[in-house]
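# Coordinates in review
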Amino acid sequence: MSCDTILDRLPDWVANRLDPVETASIERHLEGCPDCRAEAELLRALRDAGPAQVPVGLEERIHAAARAELAESAGTRPIPLTVESGGATGTPGARRPRSVPSWALGAAAVFVLALGTPLLVDRMEESDASLPVSGEPAIDEPIATVWASADGLIAGAPAIESLTDEELALLLEEFEG
Amino acid sequence: MIRDESDERLVASAREGDERALDLLIRRHHATAFRLALGIVRDEDLAADVAQDAFVKMVRALDRFRGDARFRTWLLTIVSNEAKGALRKKNRRRESSFDESVPVADSAPALDDQVVARTEGERLRRELRRLPQKQRLAVELRLDEGLGFREIGELIGSSEGAARVNYHHGVKKLRMWMSEVER
Ligand SMILES: [Zn+2]
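These notes cover the structure that comes with them. Counting of residues starts from 1 at the beginning of each chain's written sequence and follows it residue by residue. Chains and ligands are labelled by the order in which they are written, letters from A for the one and numbers from 1 for the other. Only residues with pLDDT of 70 or above have their local features reported here, since the model is predicted, and side-chain atom pairs are shown and tallied only from 80 upward, although totals for entire chains, interfaces and linings are computed over all residues. In computing side-chain values, all of the structure's heavy atoms are included and hydrogens and water are not.

### Brief notes about the overall build of chain A
Along the backbone of chain A there are 9 helices and 0 strands. Put simply, DSSP marks the helices as runs of H or I at least four residues long and the strands as runs of E at least two long, and each gets a number from the N terminus on. Shown N-terminal to C-terminal, the secondary structure of chain A runs as helices and strands in the order α-α-α-α-α-α-α-α-α. Burial classification: accessible surface area is computed with a 1.4 Å probe over protein chains only, and a residue below 20% of its type maximum counts as buried, one above 50% as exposed, and the rest as partly exposed. The proportion of buried residues among the 177 residues of chain A is 39%. A total accessible area of about 9900 Å² is found for chain A, and carbon and sulfur atoms account for 59% of it. In short, Shrake-Rupley with a 1.4 Å probe defines the accessible areas, and a residue's cover is counted only from the protein chains shown.

### Some words on a positive patch on the surface
All names here are of chain B. Patch definition: residues with relative accessible area over 30% and no salt bridge; like charges joined within 9 Å; nonpolar side chains (Val, Leu, Ile, Met, Phe, Trp, Tyr) joined within 5 Å. Just to be clear on terms, a salt bridge is a Lys or Arg side-chain nitrogen sitting within 4 Å of an Asp or Glu carboxyl oxygen. Neither His nor the chain termini are counted; the positive set is Lys and Arg, and the negative set is Asp and Glu. Positions of charges follow a simple convention, taking NZ of Lys, CZ of Arg, CG of Asp or CD of Glu. Where like charges cluster on the molecular surface, the positive patch consists of Lys84, Arg88, Lys89, Arg92, Arg93 and Lys134. No other element matches the 5 residues that helix H4 (residues 71–97) contributes to the positive patch. Within the fold, Lys84 resides in helix H4. Assessed through its relative accessible area of 36%, Lys84 is described here as partly exposed.

### Details of the coordination of the zinc ion
Residue and element names in this part refer to chain A. Here the coordinating atoms are restricted to nitrogen, oxygen and sulfur within 2.8 Å of the metal centre, or 3.2 Å for Na, K and Ca, and because water is not among them the sites may look incomplete. Donor atoms from the polypeptide that bind the zinc ion are Cys3 (SG), His29 (NE2), Cys33 (SG) and Cys36 (SG), placed at 2.1 to 2.3 Å. Only four donors with every angle between 85 and 135 degrees are called tetrahedral; only four or six donors with opposite donors over 155 degrees apart and all others between 65 and 115 are called square planar or octahedral, in that order; all others are irregular. The site at the zinc ion holds 4 donor atoms, and with the angles between them running 104 to 115°, its shape is tetrahedral. Sequence spacing among the residues donating to the zinc ion works out to C-x25-H-x3-C-x2-C. With Cys3 in helix H1 (residues 3–14) and His29 in helix H2 (residues 20–32), the pair connects residues that are 26 residues apart, well separated along the chain. Residue classification places His29 among the buried residues on the basis of a relative accessible area of 17%.

### Let's talk about the packing of aromatic side chains
Residues and elements named next belong to chain B. Each Phe, Tyr or Trp ring (for Trp, its six-membered ring) is paired with any other whose centre lies within 6.5 Å, and the angle between the two planes then decides the class: stacked below 30 degrees, edge-to-face above 60, tilted in between. According to the stated counting rule, one finds 4 aromatic pairs over all chains in the structure shown. Measuring from ring centre to ring centre gives 5.0 Å for Phe65 and Trp74, while their planes differ by 45°; the resulting arrangement is tilted. Classification of Phe65 by relative accessible area gives buried; the value is 3%. Classification of Trp74 by relative accessible area gives buried; the value is 14%. With a centroid separation of 6.0 Å and 50° between ring planes, the pair formed by Phe71 and Trp74 is classed as tilted. Of this pair, Phe71 and Trp74 both sit in helix H4, separated by 3 residues, roughly a single helical turn.

### Re the packing of helix H7 (residues 133–143) of chain B against helix H8 (residues 149–156) of chain B
Residue and element names in this part refer to chain B. With axes taken as lines fitted to C-alpha atoms, and helix axes fitted only over the stretch in contact, angles between N-to-C directions fall between 0 and 180 degrees. Between H7 and H8, whose axes approach to 10 Å, the crossing angle comes to 140°. Put simply, H7 runs oblique to H8. Here H7 and H8 pass one another in a crossing that is right-handed. Only Phe149, Ile152, Leu155 and Ile156 of H8 make contact with H7, whose side of the interface consists of Lys134, Leu137, Ala138, Leu141 and Arg142. Three classes are used: nonpolar for Ala, Val, Leu, Ile, Met, Phe, Trp, Tyr, Cys and Pro, charged for Asp, Glu, Lys and Arg, and polar for all others, with Gly counted as polar. Residue composition of the contact of H7 with H8, grouped by class: 7 nonpolar, no polar and 2 charged. Under this scheme an angle from 65 to 115 degrees is roughly perpendicular, one under 35 degrees roughly parallel, and one over 145 degrees roughly antiparallel; angles in between are oblique. Throughout, a crossing is termed right-handed when the near helix is turned clockwise from the far one, and left-handed when it is turned anticlockwise from it by less than a right angle. Residue contacts are defined here by distance: any two heavy atoms, one from each residue, within 4.5 Å place the two residues in contact.

### Thoughts on the interface of chain A and chain B
A common measure of how large an interface is: the accessible area buried when the components associate. Taken together, the 52 residues of chain A in the interface contact 50 residues of chain B. Accessible-area loss on putting two parts together, using a 1.4 Å probe and summing over both, is the definition of buried area adopted here. Of the roughly 4600 Å² buried between chain A and chain B, counting both surfaces, carbon and sulfur atoms make up 57%. Salt-bridge contacts for Arg164(B) lead to Asp8(A); the nearest nitrogen and oxygen are separated by 3.0 Å. Counted as a polar contact is a pair of N or O atoms within 3.5 Å, where, for protein atoms, one must be capable of donating a hydrogen and the other of accepting one, and residues adjacent in sequence contribute only when both atoms are in side chains. The interface formed by chain A and chain B holds 19 residue pairs in polar contact (both at pLDDT 80 or more) in total. Where the side of chain A that touches chain B is concerned, the elements lending two or more residues are H1, helix H3 (34–49), helix H4 (58–76) and helix H6 (117–129) of chain A. Sorting elements by how many residues they give to the side of chain A that touches chain B places H4(A) first, with 11 residues. Split into classes, the residues belonging to the side of chain A that touches chain B amount to 27 nonpolar, 11 polar and 14 charged.

Written out as structure tokens, the structure is:
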């Protein structure tokens, strides 16, 4: 192996990340190459001084915040319509409870009947693609407010999007008769 | 065993609401996330906040992760963006809250830089902080986190080749500085 190759791999060698074969070939090179050896010693000293310590309690803090977000977003996330992920095996507790008035379900069914299923599928794929990577959380409007809007059918779309799997299944059942 | 699952499989489970999968992803990557944030914002408390916020945003964007990228790279990109944003916000706050005649507090060495380094390693860590940011991050991510040059390039916003050059220049400078000290 050339010195360049060795120097690229040295950080993995000092951190014991290499398999025995690679380790042996690097050590053979180091025996005969003072320059690579000097760099290995420097990296070893750096490594031994250790990277910055993670503050005590940070992992737990992140756990709590991330779990809360998971529970939050499980209720607002658009329902995947593919067969393999449609099963929604998520823990029931993670989903935010939400009660949907039966009139809203009925109205949603009318919306589906009026516009047809293909459009519903389109809408969901579209909204999934526009989910912000690092934006603010989506505003979780109460369904009643959305439906009270004068925009009629258009205003109904987000309500369908925010239905849980169970609610959607119920709705589609109704739709298919 | 869930413990042996790949990151990408864990992401799929977390997306379905599996908290244990999420916990495991956090356990695996929180230290790297924190240290990357620290490398950018250079403030422990702020870096901890950044790491936490980045994980929350990661959860929020779980549906956007398609598996064509490596999860770690994707997460660390969120961390890096979050850290840069936090740094901008911090600098803006400082600009607006300081009288212009008052010298900027940043010119004073950080507290741990004032402590006399006892070992060669401690001295090296101190010298490491003097490197230009891309070189310092390249050395830290390569040595401490075991990242490859391509992944480092994605995080510091350069090509794989440029990341390699940053790493080697950083190490070369450290070697030079240390030999000056010895003389
Ligand atoms: Zn050599």
